[in-house]
Amino acid sequence: LHQSALCRAKADWLVGINATRLFSLLYNHTLNVGRVLSPTLALIVQREAEIGGFKPVPFYTVALDCGGFTATGDRLEAKPEAAAVAAACKGGTATVQAVERKEKTEKPPALYDLTTMQRDANRTLGYTAQQTLDYLQALYEKKLCTYPRTDSRFLTNDMEAGVPALAAVAAAICGVDAPGNVAAAQVCNSAKVSDHHAVVPTQGAAKADPAALPAGEREVLRLAARQVLRAVSPAHRFAETTVTVECGGSRFTAKGKTVLDAGWKIYEQADNAAPAVLPDGLTEGQDFAVAGVSVKEGKTTPPKHFTEDSLLAAMETAGAKDMPEDAERRGLGTPATRAAILEKLVSTGFVERKKAKKTVNLLPTQIGVS
């Protein structure tokens, strides 16, 4: 710990102070260079270069309307090839070649550490990383949530007995019912807690009036509470069915999903897109009259601009594969400093926030690129 802290301190002096003075003098402009600041800016600039140099490639897919479901073929590069496949299938018969059904399990998410919470708050509430940290700090000072600057997503083993009470508090904050069977063991692991455990509401939060809190603090508290309910719930179970059909010498596939046990997803925000459902009783060798054939044109898409959500994820995992297993810390920055780094990139003029539809992208300025 001493050696790693000394290394960071020396890097801040050698890189931060010397390089900042050098580049500021060279370019007659204050140019901040930092151990975390500069690599983070490099991530953003590199992403924009990838987007700028991207050339979309068209592709075509043929879709068959088999009455109760739609089967789609492989991507084709040439439009005439797709048209030939469509012509061969038009008015024909699709024969079921294989029906594969798999039951799958999706484990509940872990509790929040600061970075994961900042990412979710940015994606679902539109808050910046700094805003989320400020709201959490205010809640901590009001004794409504636990210490926010943590990189752990678990509670310690000695807290296991209190998890059902914590779930009851979380349910009261969200105005929903707690899980019937609270899986306390799956959120407790002392080996994965270093300095501070995950961010959760305190027992005192149950007595607080959410309506009396500022809107930002109220939403962040509910976010933390809802994550507790998800984390202590059973797994989400569903069955996925894949049907392969043959028509006109080509193969097409269709997928359907049936929820067996909603599990932790009952606490998810309502999703308007209903899962595709295939007809019951599909068997190999079964024939379907092709009611219609369509050719759909698409284009490959470039990488997406960084949002605070995706940039925080990139910072957290940067260089992780190149680090030794016993490294004290991986990625760029710490949960406590990443928000400040993003704000500094904006305040120094290297990066700007630009709203696009429902998201806010982080884009490098001309100074940041050069």
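The structure this text deals with has already been given above.
Residues numbered from 1 in each chain as written. Predicted model: local features only at pLDDT ≥ 70, side-chain atom pairs only at ≥ 80, totals over all residues. Heavy atoms only, no water.

Enquirer: Is there a simple way to explain helix H2 (residues 37-52) in this structure?
Expert: For an α-helix, 3.6 residues make a turn, and residues three or four places apart therefore share a direction. Counted at 1.5 Å a residue, the expected span for H2 with its 16 residues is 22 Å, and the 23 Å between its end C-alpha atoms agrees. Among the residues making up H2, those that are buried are Leu37, Thr40, Leu41, Ile44, Val45, Glu48 and Ile51. The arc that holds every buried residue of H2, seen down its axis, measures 135°, which confines them to one face. On its buried face, H2 sits against strand E8 (306-307), helix H8 (308-317), helix H9 (338-347), strand E9 (351-356), strand E10 (359-364) and helix H10 (366-369). (Helix = DSSP H or I, 4+ residues; strand = E, 2+ residues; numbered from the N terminus. Expected span 1.5 Å × (residues − 1). Buried < 20%, exposed > 50% of the residue type's maximum accessible area, 1.4 Å probe, protein only. Arc of directions from axis to C-beta. Contact = heavy atoms within 4.5 Å.)

Enquirer: Hey, could you run me through the sheet that holds E9 in this one?
Expert: Sheet strands pair via backbone hydrogen bonds, and the direction of the pair is either parallel or antiparallel. In spatial order, the strands read E8-E10-E9; together these three strands make up an open sheet with antiparallel pairing. Each edge of the open sheet carries a strand with a single partner, namely E8 and E9. Against the sheet, H2 touches E8, E9 and E10, its axis set at about 100° to E10. (Pairing = 2+ DSSP bridges. Axes fitted to C-alpha atoms, helices over the stretch in contact; angles between N-to-C directions.)

Enquirer: Got a minute to help me understand the pairing of strand E1 (residues 58-65) in this structure?
Expert: For a regular strand, side chains alternate in direction, first toward one face of the sheet and then toward the other. With six of eight residues buried, E1 is to be regarded as a mostly interior element. Pairing geometry for E1 and strand E7 (residues 292-299), over eight bridges, is antiparallel. The residue of E7 that forms the bridge with Asp65 is Gly292. Bridge count for E1 against strand E2 (residues 70-72) is three bridges, and the pairing is antiparallel. Across the sheet, Ala63 pairs through a bridge with Thr72, a residue of E2. The hairpin formed by E1 and E2 contains four residues between the paired strands, and Gly67 there has a positive phi angle of roughly 90°.

Enquirer: Is there a simple way to think about the state of the cysteines in this case?
Expert: Any covalent bond linking the sulfur atoms of two cysteines counts as a disulfide. Summed over all chains, the structure comprises zero disulfides. Its sulfur unpaired, Cys66 is 7.5 Å from the next cysteine sulfur, which belongs to Cys247. This cysteine, Cys145, is not joined by any disulfide, and Cys174 carries the nearest cysteine sulfur, 14 Å off. Judged by its relative accessible area of 3%, Cys145 is buried. (Disulfide = S-S within 2.5 Å.)

Enquirer: Which parts of the structure should I look at to understand helix H3 (residues 79-89)?
Expert: Among the residues of H3, Ala82, Val85, Ala86 and Cys89 are the ones counted as buried. Relative to the axis of H3, the buried residues are bounded by an arc of 100° and lie together on one face. The outward face of H3, more than 90 degrees from its buried face, is lined by the exposed residues Pro80 and Ala87.

Enquirer: What am I meant to see in the environment of Leu31 here?
Expert: Structurally, Leu31 is set in the loop between helix H1 (2-27) and H2. Since its relative accessible area comes to 15%, Leu31 is described here as buried. Considered as a pair, Leu31 and Phe350 are 319 residues apart in the sequence and their alpha carbons are 8.9 Å apart. In contact with Leu31, not counting residues within four places along its chain, are Thr20, Phe23, Ser24, Phe350 and Ile367.

Enquirer: Honestly, the packing of aromatic side chains in this entry has me stumped. Any pointers?
Expert: The relative placement of two aromatic rings is captured by the distance of their centres and the angle of their planes. Going through the model one piece at a time under the given rule, you end up with four aromatic pairs. Residues Phe69 and Phe288 carry aromatic rings whose centres are separated by 5.2 Å and whose planes lie at 85° to one another, so their mutual orientation is edge-to-face. With Phe69 in the loop between E1 and E2 and Phe288 in strand E6 (residues 287-289), the pair connects residues that are 219 residues apart, well separated along the chain. Directly above the ring of Phe59 sits Arg75, whose terminal nitrogen or CZ lies 3.7 Å from the centroid. Sitting over the face of the ring of Phe238, Lys257 holds its NZ or CZ atom 4.4 Å from the ring centroid. (Phe/Tyr/Trp six-rings, centres within 6.5 Å; stacked < 30°, edge-to-face > 60°. Lys NZ or Arg CZ within 6 Å of the ring centre and 35° of its normal.)

Enquirer: Please clarify how the nonpolar core should be interpreted in this entry.
Expert: Generally speaking, nonpolar side chains in soluble globular proteins are found buried as a group. Judged by nonpolar contacts, the single largest core of 58 residues is most densely connected at Leu111, Met117, Leu155, Val187 and Leu345. Those elements that provide at least two residues to this core are H2, helix H4 (114-125), helix H5 (129-141), helix H6 (163-174), helix H7 (215-231), H8 and H9. In this view, Leu111 contacts Arg153, Leu155, Val187, Ala198, Val200, Gln227, Val228 and Ala231; residues no more than four positions away in its chain are not counted. Counting residues in hydrophobic clusters, the runner-up holds 22 residues, among them Tyr60, Ala82, Cys89 and Phe288. (Core = buried A, V, L, I, M, F, W, Y, C linked by side-chain atoms within 4.5 Å.)

Enquirer: Please clarify how the pattern of salt bridges should be interpreted in this entry.
Expert: Two side chains that carry opposite charge are able to pair once their charged atoms sit near each other. For the structure shown, the criterion picks out 16 salt bridges. Close ionic contact of Arg353 with Glu308 constitutes a salt bridge, the shortest N to O distance being 2.7 Å. Residue Arg353 is found in strand E9, and its partner Glu308 is found in helix H8; the two are separated by 45 residues along the sequence. Judged by its relative accessible area of 29%, Arg353 is partly exposed. Relative accessible area serves as the criterion here: at 3%, Glu308 is assigned to the buried category. Residues joined in a network through salt bridges with shared partners are Arg119, Asp120, Arg123 and Asp309. (Salt bridge = Lys/Arg side-chain N within 4 Å of Asp/Glu carboxyl O.)

The quantities given are spatial measurements derived from coordinates; they are silent on function.
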